[in-house]
Every structure is written in structure tokens, then in C-alpha cells.
Amino acid sequence: MAENVTHTLHNLLTLRGAQVRDPRMWSRYIGEAIELFGHRSDVEFASHHWPTWGTREIIDFLGEQRDLYAYLHDQTVRLMNQGLTGIEIAEDFELPPSLATLWHTRGYYGSVNHNVKAIYQRYLGWYDGNPAHLWQHPPTAAASRYVEVMGGVAATLEHARRYLEAGDLRFAVELASHAVFADPGDGAARELLADGLERLGLGAENATWRNVFLTGANELRYGIGRNDMSAGGLLSALTVTQLFDTLAIRVVGPRAWNESFAINWVITDTRDLYRLELSHGALVHYPMQKPRAADLNVRISRTRLAQAVASGSFSGVDMTGDTGVLSRLFALLDAPDPSFAVVSP
């Protein structure tokens, strides 16, 4: 069953970021699997967790998972149509007791709360219909204003401590977060926020929420570590289109506004032809049927292209035309930061 059916509520939207998955179709495909295979199956298994044995047990398990995603979807959409926002729906959303009491529908990995918000996002996006939320200040600017209104960082922390002691961890960390954004160097603010996040994490049934809360507390206390990632292994597995994508998403738009050029690429081991153009600050690329006039023509293998994308060096590559175009291209790119994973289309 791939990851469509696991022994926990799955994520419709991962906290690490992704496109929202469609719970309506998710549910329907589980139903299709039951119809096609359920009554003649002895064991069901997926890429995570353990098997389910026995035809009756399999049909029951799949049916409960099918109904779980259908209920999440349909009830969220129903309440959306009544004018509620994603946060409002998620706050009071309840599963039917017949599902909520099953251990394999619990939110150990995905949660009802953030899956409901994901469904809202899938259909309606980030805007919740409140005009006051349409053009808000970014976090640091908003935090400095909230802290000023509350009488400064010390006063804000006093309010946060009061809510923390009262057990309202959610509002306590919101206030403490404003204090940290307003004054990132304030050690008392960082420790108070870390304390609240740690307590939220230790109380979270959901593993991804727990990890996010505890990681946040750790970063506040000890700083943000850098990931030791080597791009070489990843790049060697990418297609030519994906390799060019990794360049396109690093172009610093304002640097490229007044630049334009075109490069023809012949991928020697596959004999594919690609064209890369910088136009209006965007680096576009696509396969070609036949070459046409360009500032530069490059003949290169896919493996060598991956190496060149990683290093910026095209030494020894067969090129004709203005080779300075490549230097101009790489001068327009953001340097990759090894602390962060690259999000690619």
C-alpha cells in the first residue's frame, strides 16, 4: 500500500514543506484497493510499519484508514463553506469516536490539527478572509511593535511568564517569541521561549510536533548547527532539467534584471539538446529539436554538467562562442548555504 496506509495518521502536508496532498483522492484510492484486492488478500504491508494479517482484518484496517481521510476532507470543506478559517476549524475538530479510539488513526506522525489546516490551504491558500491579515508586517517588524505596545522586552517577558505559569504554553511562547524577535540577543527571552517550547514538545503526542518544539528549544539555547551536506552525490542523481532548475532557483533576480543571453547545450551521452535563456531576470530552459543562434554553445556529458553546476568550473569542456557568458551566469547566483536543504520544483 506504499505510504497510503500506515499505522498512524499520515501527513497531508509535511512540516518540512511540500505540496498539500489530496485527502479526497487518497481516500478514494484506498477504497479502490479494497475493491480490487481486499477480498483476496492474506497480508497487507507498506513501506513503513508492520503487516496486517488476515482478509477480514485487512478490509477493516483499510476501511478505517479510507474513512479517516474522507472524514478529514469532507468535514473541513463543510466548515470552510460555513465561513470558518483553517485555524478555527482545526482548533475544535473531532474525529468520530469509532475512529478516534483506534490506535492506528492517532496523530503520532501527522496530526488532525495541521492536516485540517493543510486542507484549508489546498483549497483557499494562506489568506483567511480577514483584511487585517492581508498585509501584515513581517515577524521582526511586527514583534518590535507588539513589544513596544506591551511596554518593552522586560514587560513582555513578565506577561509570558504569567501565562507559562498558568499553563497556557501556546500564548506564552507567542509572547516570548515576540520578545526574541524584537531583541534576539536577550538571553532571558531566549531561555523563556526555550522553556515553553520544551514543555510543549514533551507534552506532544505527535512526533513531528515534538521534534519541532524540542529542536526550537535546542537552537535557542545552543545555536543553529550547520548541516554537513555534499552536493555532489545529490547532483549526480538529477536529470538535466533538474540540474538547470538548481541554477534557476539561485538567480538573484535584481542582479539579473539587465542581463540577457542564450546558451545551447548538447548533452553528449544522450544527444539531447537544451536551450537556456536569461530573460527579464528569469533563467528559463527547455529541450530543443535543433540548435539555433546563441551566445554560447556547449557540448558536455550529463555527469560533467553535474560537476560544473556544483563547482562553477567548465574547464576542459567543449565550447564555442562567448565563454564569458558562463562567468556572467554564475555571478548572478546565490551561493548555496549548506545549512539549508534546497527546495527545487
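These remarks concern the structure in this document. (Residues numbered from 1 in each chain as written. Predicted model: local features only at pLDDT ≥ 70, side-chain atom pairs only at ≥ 80, totals over all residues. Heavy atoms only, no water.)

### Considering a nonpolar patch on the surface
Working step 1: Together, Val 43, Phe 45 and Trp 53 line one region of the surface with nonpolar side chains, adding up to about 360 Å² of accessible area.
Working step 2: For Val 43, the location among the structural elements is in strand β1 (residues 43–44).
Working step 3: Of the residues examined, Val 43 reaches a relative accessible area of 32% and is grouped as partly exposed. (Patch = residues over 30% accessible without salt bridge, like charges linked within 9 Å, V, L, I, M, F, W, Y side chains within 5 Å. Areas by Shrake-Rupley, 256 points an atom, 1.4 Å probe, with all protein chains shown as cover. Salt bridge = Lys/Arg side-chain N within 4 Å of Asp/Glu carboxyl O. Helix = DSSP H or I, 4+ residues; strand = E, 2+ residues; numbered from the N terminus. Buried < 20%, exposed > 50% of the residue type's maximum accessible area, 1.4 Å probe, protein only.)

### Notes on the pairing of strand β3 (residues 261–267)
Working step 1: In terms of burial, β3 is largely enclosed, as six of its seven residues are buried.
Working step 2: Sheet topology places β3 next to strand β4 (residues 272–279); seven bridges connect them, and they run antiparallel. Residue pairing in the sheet places Asn 264 in a bridge with Arg 275 of β4.
Working step 3: Hairpin connection of β3 to β4: four residues between the antiparallel strands, including Arg 271 at a positive phi of 65°.
Working step 4: Judged from the five bridges that link them, β3 and strand β6 (residues 296–300) form a sheet pairing that is parallel. The partner of Ile 267 across the bridge, within β6, is Ile 300. (Pairing = 2+ DSSP bridges.)

### A few points about the packing of aromatic side chains
Working step 1: Counted according to the given criterion, the structure contains 10 aromatic pairs.
Working step 2: Ring geometry for Tyr 71 and Phe 93: centres 5.9 Å apart, planes at 80°, overall edge-to-face. With Tyr 71 in helix α2 (residues 55–80) and Phe 93 in the loop between α3 (86–92) and α4 (97–100), the pair connects residues that are 22 residues apart, well separated along the chain.
Working step 3: The exposure class of Tyr 71 is partly exposed, given its relative accessible area of 26%.
Working step 4: Their ring planes at 65° and their centres at 6.0 Å tell us that Phe 244 and Tyr 274 sit as a pair that is edge-to-face. Note that Phe 244 is positioned in helix α12 (residues 240–248) and Tyr 274 in strand β4, a separation of 30 residues in sequence. The two residues Phe 244 and Tyr 274 agree in class, both being buried. (Phe/Tyr/Trp six-rings, centres within 6.5 Å; stacked < 30°, edge-to-face > 60°.)

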